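# Chain and residue survey
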Amino acid sequence: MNRFYGTGVAMVTPFQADGQVDYPALERLINHLIEGGVEYLVSLGTTGESATLNKDEKKQVFAFTAKTVNKRVALVAGIAGNNTLEVVAEIKAFDITGYDAILSASPHYNKPTQEGIYQHYKAIAEASPLPIILYNVPSRTGSSVSAETTVRLAKDFENIIGIKEASGNFELMNQLVRDKPEGFLLISGDDPITLPMIAMGAVGVISVTGNALPKQVSDKVRLCLQGDFKAAQAAHYGLIEFTRLMFSEGSPAGVKSALKHLGVCGDTLRLPLVPVSEETAEKIKEQIKLIG
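Residues numbered from 1 in each chain as written. Predicted model: local features only at pLDDT ≥ 70, side-chain atom pairs only at ≥ 80, totals over all residues. Heavy atoms only, no water.

For the rest of this paragraph, the subject is the packing of helix 6 (residues 147-156) against helix 7 (residues 170-179). The geometry of helix 6 relative to helix 7 is characterised by a closest axis approach of 9 Å and an angle of 25 degrees between their N-to-C directions. Considering the angle they form, helix 6 stands roughly parallel to helix 7. The crossing of helix 6 and helix 7 is right-handed. Counting all contacts with helix 6, which are made through Ala147, Glu148, Thr150, Val151 and Lys155, the residues of helix 7 involved are Leu172, Gln175, Leu176 and Asp179. Taken together, the residues of the contact of helix 6 with helix 7 sort by class into four nonpolar, two polar and three charged. (Axes fitted to C-alpha atoms, helices over the stretch in contact; angles between N-to-C directions. Helix = DSSP H or I, 4+ residues; strand = E, 2+ residues; numbered from the N terminus. Parallel < 35°, antiparallel > 145°, perpendicular 65-115°, else oblique. Left-handed = near helix turned anticlockwise from the far one by under 90°. Contact = heavy atoms within 4.5 Å. Nonpolar A, V, L, I, M, F, W, Y, C, P; charged D, E, K, R; others polar.)

Turning our eyes to something else, we now look at the pairing of strand 6 (residues 160-165). Remember that side chains alternate between the two faces of the sheet whenever the strand is regular. Across the six residues of strand 6, six count as buried, placing the element largely inside the fold. When strand 5 (residues 132-136) meets strand 6, the two strands line up parallel, connected through five bridges. Looking at strand 6, one finds that Ile132 is bridged to Ile160. Sheet analysis places strand 6 next to strand 7 (residues 185-188), joined by four bridges and oriented parallel. (Buried < 20%, exposed > 50% of the residue type's maximum accessible area, 1.4 Å probe, protein only. Pairing = 2+ DSSP bridges.)

Looking now at the packing of aromatic side chains. Per the stated rule, a full pass over the model turns up six aromatic pairs. With a centroid separation of 5.2 Å and an interplanar angle of 85 degrees, the aromatic rings of Phe4 and Tyr40 are classed as edge-to-face. Placement of the pair is Phe4 in the segment before strand 1 (6-10) and Tyr40 in strand 2 (residues 40-43), with a sequence separation of 36 residues. Taken individually, Phe4 and Tyr40 each receive the classification buried, so the pair is uniform in this respect. Arranged with centres 6.1 Å apart and planes meeting at 45 degrees, the rings of Tyr118 and Phe157 form a pair that is tilted. Taken as a pair, Tyr118 in helix 4 (residues 114-127) and Phe157 in the loop between helix 6 and strand 6 lie far apart in primary sequence, 39 residues in all. For the pair formed by Tyr118 and Phe157, the shared burial category is buried. Sitting over the face of the ring of Tyr118, Arg152 holds its NZ or CZ atom 3.5 Å from the ring centroid. The cationic tip of Lys164 hangs over the ring face of Tyr135; the distance from NZ or CZ to the ring centre is 4.1 Å. (Phe/Tyr/Trp six-rings, centres within 6.5 Å; stacked < 30°, edge-to-face > 60°. Lys NZ or Arg CZ within 6 Å of the ring centre and 35° of its normal.)

Here the focus is the side chain of Thr7. Inspection of the secondary structure puts Thr7 in strand 1. Apart from residues lying up to four places away in sequence, Thr7 is in contact with Val38, Glu39, Tyr40, Val205, Val217, Ser218 and Val221.

Two residues of an α-helix separated by three or four positions point the same way, owing to the 3.6 residues in each turn. With 13 residues, helix 1 (residues 23-35) should cover 18 Å at 1.5 Å per step; its first-to-last C-alpha distance of 18 Å lies within 8% of that length. On its buried side, helix 1 packs onto strand 1, strand 2, helix 2 (55-69), helix 9 (214-225) and helix 11 (253-262). Here helix 1 starts with a cap whose side-chain oxygen sits 3.2 Å from the backbone nitrogen of Ala25, and that cap is Asp22. Remark: Gly37 follows helix 1 within two positions and exhibits a positive phi of approximately 95 degrees. (Expected span 1.5 Å × (residues − 1). Polar contact = N/O pair within 3.5 Å; in protein donor to acceptor, adjacent residues only side chain to side chain.)

Turning our attention to helix 4. Taking 1.5 Å of rise per residue, 14 residues should cover 20 Å, and helix 4 covers 20 Å from first to last C-alpha, within 8% of that figure. Among the residues of helix 4, those classed as buried are Ile117, Tyr118, His120, Tyr121, Ile124, Ala125 and Ala127.

Another point: the environment of Ala147. Among the structural elements, Ala147 can be located in helix 6. A residue is classified by how much of its surface remains accessible, and Ala147, at 3% relative accessible area, is buried. Between the alpha carbons of Ala147 and Ala253 there is a distance of 31 Å; along the sequence they are 106 residues apart. Setting aside anything within four residues of it in sequence, one finds Ala147 in contact with Leu172, Gln175 and Leu176.

Another aspect to go through is the UniProt feature "site: Part of a proton relay during catalysis" (unreviewed entry) in the protein. Taking the UniProt record as the reference, the feature "site: Part of a proton relay during catalysis" (unreviewed entry) is found at Thr46 and Tyr109. Among the secondary structure elements, Thr46 is positioned in the loop between strand 2 and helix 2. According to the relative accessible area criterion, Thr46 is partly exposed, its value standing at 32%. With near-sequence residues (within four places) excluded, Thr46 lies in contact with Tyr135 and Arg140. Relative to the assigned elements, Tyr109 resides in the loop between strand 4 (101-105) and helix 4. (UniProt positions renumbered as here; feature names shortened; annotations may be inferred.)

The next subject is the pattern of salt bridges. All chains considered together, the criterion is met by twelve salt bridges. Where Glu241 meets Arg244, a salt bridge forms, and the shortest distance between an N and an O atom there is 2.7 Å. Of this pair, Glu241 and Arg244 both sit in helix 10 (residues 229-248), separated by three residues, roughly a single helical turn. Judged by relative accessible area, which is 30%, Glu241 ranks as partly exposed. The class of Arg244 is partly exposed, set by a relative accessible area of 43%. Asp267 is the salt-bridge partner of Lys260, the closest N and O atoms lying 3.8 Å from each other. Several salt bridges converge on common partners, so that one network encompasses Glu39, Lys215, Asp219 and Arg222. (Salt bridge = Lys/Arg side-chain N within 4 Å of Asp/Glu carboxyl O.)

Structural data, given as structure tokens:
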């Protein structure tokens, strides 16, 4: 469980100009993140544009990532969807070599009831050979996993070990921290509010911003976990504008622009996503210079 304390990064998937996966750039990204001191990586979450990769591409990216990471840090696979049977089949067919857990967002578009969400995750937990991290992101899915449902899942399934919480709903998180079983991990899924979430009991973040600034993000999170919130606040304030720009024209367009400026990978995205405007790209470049 300690493998998921600190900073995880939801990695982007680099693409060549023609839209194909850029594996040399993916290798550079992985090394950039590990050398930046993050505790773990997430492959093919939402930030990895997983919705636009086909099954063969996903299989190749998962395998390449595991080989490149080579157990230097913990590694999580993003496997999710709104067809429960299909998600279960994908998990059963998944080559777990090199992976430590699965991150699975609640079903999008269908807008299931809380019982439907529970049954969805029940099926996943019963099928998975790896620990499961739930993911609550109502802005993308159209529904929210309630604190009651999360606690119920945490108590009913030992292999459901935590939740990436990106609702921004502090009332929900207060209830979750109060009622969850001991050892169940609350992980921030929202860069701008990681500091207050750790103050209330979160164990870290799965970050988008960390793709570009792994050292700055992971150093800030460590300060929070050590209880040095005065120093953490200074680090937090120093990243506010950069973090805002990462999401101002959608994710991962912002962080891919930053990675382009840093020479890690290009800023190509797959439709329907497009790169940020020239104006925003210049602002991102300026912030990188300021942060150093």
